[in-house]
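Understanding the architecture of this molecule
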Amino acid sequence: MPSAELQRINAFLSTFARRQAGHVVDLPGGFAVHDDAFAHSRANNQVVINAAVDPEALPAIAEEALGHLPYRLVSVLDDAVGLACAERLIRAGYTHSTYLVMLHAGPVPTGKPADEVDLDAIRTPLTRRWRGLLPDVDNEVIRHLVERREARRGGADIVRFIGARTEEGEIASWADLYVDPGSGMAQIEDLITSADHLRCGYADAVLATALRLAVEENCSTRFLIADAADWPRHWYERRGFSVIGHSHCFERG
């Protein structure tokens, strides 16, 4: 059984996905979220499994929910359920990724201050970042991946975009902060630094500011999600985060 803390985090993630969605459809074991305004964004059009589900039935459940799209994304929040479903989804043509739920338990790290910014401030560097990652897609795809951040404002009681600026005023690093003061939960999401400004302390400034704002809202549960196979997990560990659970992502198309 997952810990009580992990259960609370998974409940927060489920609620956030529902609240930011344009449309929600309840399914066996979870729900599907849809947002036609951001049809190219998999995160806004996916199946979320947050309870027990029949692994043999899951490919058909996903097909019925997402069959109108050229891709499939199934996020399984519980580790045991995700592992139980992996073999069946892989046979159905899905790729499998594991993600880490990382909880901040250390002191708030020091760092240069960052600012709360609006989407306009990060639109240009975020567009440049996505264009570098996806050089062959058309402009409409990039627009959806950038503008979908606006939909996230509906996901939690408090949603802030945090940015660290260079001396010239350019946004060098940025992240989202989602806060639910009532439950004491805060999630830091999509911490990104522009390639031209890596290893200059800007990400530290964003992370420290986000954590400080979460503490000011009396959030004792401060967490993020990191790719188990990528290097940032170690960077987060050095700044007071530790792994308390795993989730699973299955993609096709």
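Residues numbered from 1 in each chain as written. Predicted model: local features only at pLDDT ≥ 70, side-chain atom pairs only at ≥ 80, totals over all residues. Heavy atoms only, no water.

1. Some points on the overall build of the protein chain
- The secondary structure content of the protein chain amounts to seven helices and 11 strands.
- The globule rule puts the C-alpha radius of gyration for 253 residues at 18 Å, and the 18 Å found for the protein chain is close to it.
- The buried share among the 253 residues of the protein chain stands at 50%.
- Pairs at least 24 residues apart make up 66% of the contacts formed inside the protein chain by residues separated by at least 6 positions.
- Averaged over its 26 positive side-chain charges, the protein chain has a centre that lies 2 Å from the centre of its 36 negative ones. (Helix = DSSP H or I, 4+ residues; strand = E, 2+ residues; numbered from the N terminus. Rg over C-alpha atoms; globule rule 2.2 N^0.38 Å. Buried < 20%, exposed > 50% of the residue type's maximum accessible area, 1.4 Å probe, protein only. Contact = heavy atoms within 4.5 Å. Lys, Arg positive; Asp, Glu negative; His and termini not counted. Charge placed at Lys NZ, Arg CZ, Asp CG, Glu CD.)

2. A short note on helix α1 (residues 4–20)
- Between the first and last C-alpha of α1 there are 25 Å, a value that for 17 residues agrees with the 24 Å anticipated at 1.5 Å per step.
- Those residues of α1 that sit buried are L6, I9, N10, F12, L13, S14, F16, A17 and Q20. (Expected span 1.5 Å × (residues − 1).)

3. Some thoughts on the pairing of strand β9 (residues 185–193)
- With seven of nine residues buried, β9 lies mostly within the body of the structure.
- The pairing of strand β8 (residues 171–180) with β9 spans seven bridges and is classified as antiparallel. Looking at β9, one finds that L177 is bridged to I188.
- Counting the residues that bridge the hairpin from β8 to β9 gives four residues, and of these G184 lies at a positive phi of roughly 75°.
- Where β9 and strand β10 (residues 221–227) come together, four bridges link them in parallel fashion. If you follow M185 over to β10, its bridge partner there is T221. (Pairing = 2+ DSSP bridges.)

4. Brief notes about the sheet that holds β9
- A sheet is described by the order of its strands in space; here 11 strands give the open sequence β1-β2-β3-β4-β11-β5-β10-β9-β8-β7-β6, paired in mixed fashion. If you trace the sheet from one side to the other, it starts and ends with β1 (23–27) and β6 (115–117), each paired once. Across the sheet, the axes of successive neighbouring strands diverge by a mean angle of 30°, strand direction being ignored.
- Note: strand β5 (residues 95–104) against strand β11 (residues 241–252), 10 bridges, orientation antiparallel. The partner of Y99 across the bridge, within β11, is S247.
- Contacts from α1 reach β1, β2 (30–34), β3 (46–49), β5, β8, β9, β10 and β11, with the element oriented near 75° to β10.
- Of the strands in this sheet, β6, β7 (158–165), β8 and β9 are in contact with helix α4 (residues 119–133), which crosses β8 at around 115°. (Axes fitted to C-alpha atoms, helices over the stretch in contact; angles between N-to-C directions.)

5. Here we look at the nonpolar core
- Counting 31 residues, the largest nonpolar core has I9, I122, L126, W130, W174, Y178 and F223 as the members making the most contacts within it.
- Where this core is concerned, the elements lending two or more residues are α1, β2, β5, α4, α5 (139–147), β7, β8 and β9.
- Per element, the largest residue contribution to this core is six residues, and it comes from α1.
- Once residues within four sequence positions are removed from consideration, I122 is found in contact with V117, R149, I171 and W174.
- Among the nonpolar cores identified, the runner-up in size contains 28 residues, and A172, A175, L211 and C219 belong to it. (Core = buried A, V, L, I, M, F, W, Y, C linked by side-chain atoms within 4.5 Å.)

6. So, empty space enclosed by the protein
- Evaluation of the coordinates by the stated rule reveals one cavity of 30 Å³ or more.
- Contributing to the lining of the largest cavity are A17, Q20, A21, G22, V33, D35, A43 and N44.
- A class-by-class count of the residues in the lining of the largest cavity yields four nonpolar, three polar and one charged. (1 Å grid on protein atoms, 1.4 Å probe; cavity = no way out; pocket = protein on both sides within 12 Å on 5 of 7 lines; lining within 4 Å. Points joined across faces, edges and corners; volume = space filled by probe spheres on them. Nonpolar A, V, L, I, M, F, W, Y, C, P; charged D, E, K, R; others polar.)

7. Here's the deal with the packing of aromatic side chains
- The final tally for this structure, using the stated rule, is five aromatic pairs.
- When the ring of W235 is compared with that of Y236, the centres are 5.3 Å apart and the planes differ by 80°; the resulting orientation is edge-to-face. Across this residue pair, the class does not change: W235 and Y236 are buried.
- For the pair Y236 and F241, a centre-to-centre distance of 5.8 Å together with 70° between the ring planes defines the contact as edge-to-face.
- Members of the aromatic cluster, connected to one another through ring pairs, are F12, F16, Y178 and F223.
- Over the ring of F31 we find R18, and its NZ or CZ is 4.2 Å from the ring centre. (Phe/Tyr/Trp six-rings, centres within 6.5 Å; stacked < 30°, edge-to-face > 60°. Lys NZ or Arg CZ within 6 Å of the ring centre and 35° of its normal.)

8. Quick notes on the side chain of S41
- Within the secondary structure, S41 is located in the loop between β2 and β3.
- On the basis of relative accessibility, which here comes to 0%, the residue S41 falls in the buried class.
- Sequence-distant contacts of S41, defined by excluding residues within four places in its chain, comprise Y71, L145 and R148.

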